[in-house]
Amino acid sequence: MQKLKANLIEHINSGFRDAVAKDYPNENRLDFYVNKQCIPSILTYAKDRLGYIHLSHIAIVDWLEEGEFELIYIIWSPEEKIKMFVRTRVERENPVMPNIDMIWRQANTYEREFREMYGIQFQGLEAPEEFILEDWQGPPPMRRDFDTEEYANETFFHRPGREDAGDVREEIIKRSREEIPDFAKKYSR
Amino acid sequence: MREKATTLYLGPQHPGITGNMMIRLKVEGDTIVGATTEVGYLHRAFEKLQEKRNWLQSFTLMCRFCVPETDPMEESYARAVEAIEGREVPERAKYIRVMVLELARLASFMLWYGGQNGSLGLYTMGQWSVGDRNYILDLFEELTGGRVYHMYIWPGGVRRDLPKGFEKRVLKTMDYFEKRLNDYDDLMFENAIFKKRTQGVGIVDKEKAIEHGVVGPVLRGCGIRSDIRIDDPYEVYDKLDFIVPTAEGGDIWARALVRRQEARQSIRIIRQVIDMMPSGSVYNKIPNPQKWTLPKGDAYVRTEAVRGEIGLYMASDGGTNPRRVHLRGAAYVHAITLLEDILIGANIADVSAIMNSLGTCPPEIER
């Protein structure tokens, strides 16, 4: 395993000098930190030359405090049985990423979702504008600075609901003639 | 004269659609010339919600990602948390987890038997298999208190040990299922209608499978032997003896053949696990959930579910809540780009059968 990993690091570093490797010795996992512009070329290289033919996942994390999104392309080699994490960061203000759906077709779905939910633009992405949201006017909702509750309170009016709606706990107490337990009192209205 | 293309909206409320989604079909006569998947009918923002909840609270959402298969999601979450935290899991708990996962797999196969046949108008199978599935749900109810949502496999082990005599009841149920699967074969694989409607329909060839990142039985139906339980083993799968069936052809029939064998392999695994199960504790206690923090770091775990690979990426910033939980299910890759691709040239009546054979589960797409 360690030999395979060392070999892989050597291969990647020979083509991509800026790629910084991080090894997890007890796991079949190897991380590479790269510049976002390298993403299509490093993934193509890994797929065509190194046998990393399966795109397992594209994960995204919003590091709000650092002003960046992190995208993690997780690829898998059925022969070497190693998970390669290709990680990159992109600024939160007007984020633009290269598109990789010509390498793996299913990347198109991830990119559509990230465009809608995080506001990341993928260069040359061909897909219908809307994915999950319909007629959405607000900011990208999966960003960490988007407060769902606040947005709902500002955008939608309050619907009072049933007139006889009371606190269900009080109703239970009334029926059972028991005291409300101390730990539940703080949740009582 | 060439017929003019018409747009046909299939779903979101249609008995042939496997959940709340819509497919906008362009049809010429009965033949599909274009298809677009439309989702957005049941987005519940689970992943957003999980960022606001503590580690244990967000665990309770995991099983709700996809109803036919709840346990692989829980197990993924538990394993990701354990990977970040470095928490040990007792050996017995690992065996119990595998048993539960395989029981869940069998229960999910029962739903597939019903769905796949129902999509072709063969309703007897659905009556049988969904009825038989209840025997597994009874076991789950006894073990976990819930029939569909279990919240049983949690970080640190499993929630409770097996009740007295539970193993015997599982083995008895497995004997029953072994017999029943033969009946299913007679009803399904000897059926001329089933053969005629599935052979040569919804073909995914090897190149397309790689290009679209196809997983699970769909990939094995193209003749590629790939299973996370063997390739990237987790829990105690590396100690168990089972085979990964494949089939050639890449059509609905081939995928059905694969699943038919897999259901038998699940029974085989359950028997082995019960036989090999050690004694001991089943739970490595977690701290007070309100104050429970995980170290900074991330993990990606993969699980082989009935429909294929489930991947869960989890990042922790050192706080009491997950920084990010990002799930990718099999339907995420099967139901959009691949489905849109292979529907072209199919008949309208085949759409539902193809969707079922791909394991389409819309809640997995919109988490």
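Before any of the text, the structure's been laid out above.
Residues numbered from 1 in each chain as written. Chains lettered and ligands numbered in written order. Predicted model: local features only at pLDDT ≥ 70, side-chain atom pairs only at ≥ 80, totals over all residues. Heavy atoms only, no water.

### Some details on the side chain of B:Ser119
Residues and elements named next belong to chain B. Here is the rule: Only runs of H or I of at least four residues qualify as helices and only runs of E of at least two qualify as strands under DSSP, and these elements are numbered from the N terminus. As used in this structure description, the phrase polar contact means that two N or O atoms lie within 3.5 Å; if the pair is within protein, one of them must be able to donate a hydrogen and the other to accept it, and residues adjacent in sequence are counted only when both atoms belong to side chains. The contact definition used throughout considers only heavy atoms, calling two residues in contact when any of these lie within 4.5 Å.
As for its placement among the helices and strands, Ser119 is situated in the loop between α4 (91-118) and α5 (123-144). There is a polar contact of 2.6 Å between the side chain of Ser119 and the backbone oxygen of Gln116. Other than its neighbours up to four places away in sequence, Ser119 contacts Ser352, Ala353 and Asn356.

### A look at the packing of aromatic side chains
Our working rule: Under the pairing criterion, centres of Phe, Tyr and Trp rings, with the six-membered ring standing for Trp, must be within 6.5 Å; the plane angle then separates stacked pairs below 30 degrees from edge-to-face pairs above 60, leaving the rest tilted. Only lysine NZ and arginine CZ atoms are considered, and such an atom sits over a ring when it is within 6 Å of the ring centre and within 35 degrees of the ring normal.
Scanning all chains against the criterion turns up 22 aromatic pairs over all chains. Pairing A:Phe114 with A:Tyr118 gives two aromatic rings, centres 6.3 Å apart and planes at 85°, and the pair type is edge-to-face. Within this pair, A:Phe114 and its partner A:Tyr118 are both found in helix α3 (residues 107-118), separated by four residues, close to a single helical turn. Through a chain of ring-to-ring contacts, the aromatic side chains of A:Phe69, A:Tyr110, A:Phe114, A:Tyr118 and B:Tyr332 assemble into a single cluster. A cation over a ring is seen here: A:Arg29 above A:Phe85, with NZ or CZ 4.1 Å from the ring centre. The ring of A:Trp63 carries the charged tip of B:Lys296 above its face, separated from the ring centre by 5.2 Å.

### A word on the state of the cysteines
Residues and elements named next belong to chain B. Let me state the cut-off plainly: The term disulfide is used for any two cysteine sulfur atoms that are within 2.5 Å. Between buried and exposed lies partly exposed: a residue is buried under 20% and exposed over 50% of the maximum accessible area for its type, with that area taken using a 1.4 Å probe on protein chains only.
Considering all chains together, one arrives at one disulfide over all chains under this definition. Through a disulfide, Cys66 is tied to Cys361; the S-S separation comes to 2.3 Å. Of note, the bridge from Cys66 to Cys361 carries an S-S torsion of about 115° and is right-handed in sense. Here Cys66, found in the loop between α2 (55-62) and α3 (71-85), pairs with Cys361, found in the loop between α13 (351-358) and α14 (362-365); they are 295 residues apart in sequence, far enough to count as distant. For the pair formed by Cys66 and Cys361, the shared burial category is buried.

### Focus on the environment of B:Arg87
Residue and element names in this part refer to chain B. Assignment of secondary structure puts Arg87 in the loop between α3 and α4. Since its relative accessible area comes to 15%, Arg87 is described here as buried. Those residues in contact with Arg87 that lie beyond four places of it in its chain are Glu82, Gly156, Asn284, Lys285, Ile286, Pro287 and Trp292. A distance of 2.8 Å separates polar atoms of two side chains, one belonging to Arg87 and the other to Glu85. Separated by 2.9 Å, the side chain of Arg87 and the backbone oxygen of Lys285 make a polar contact.

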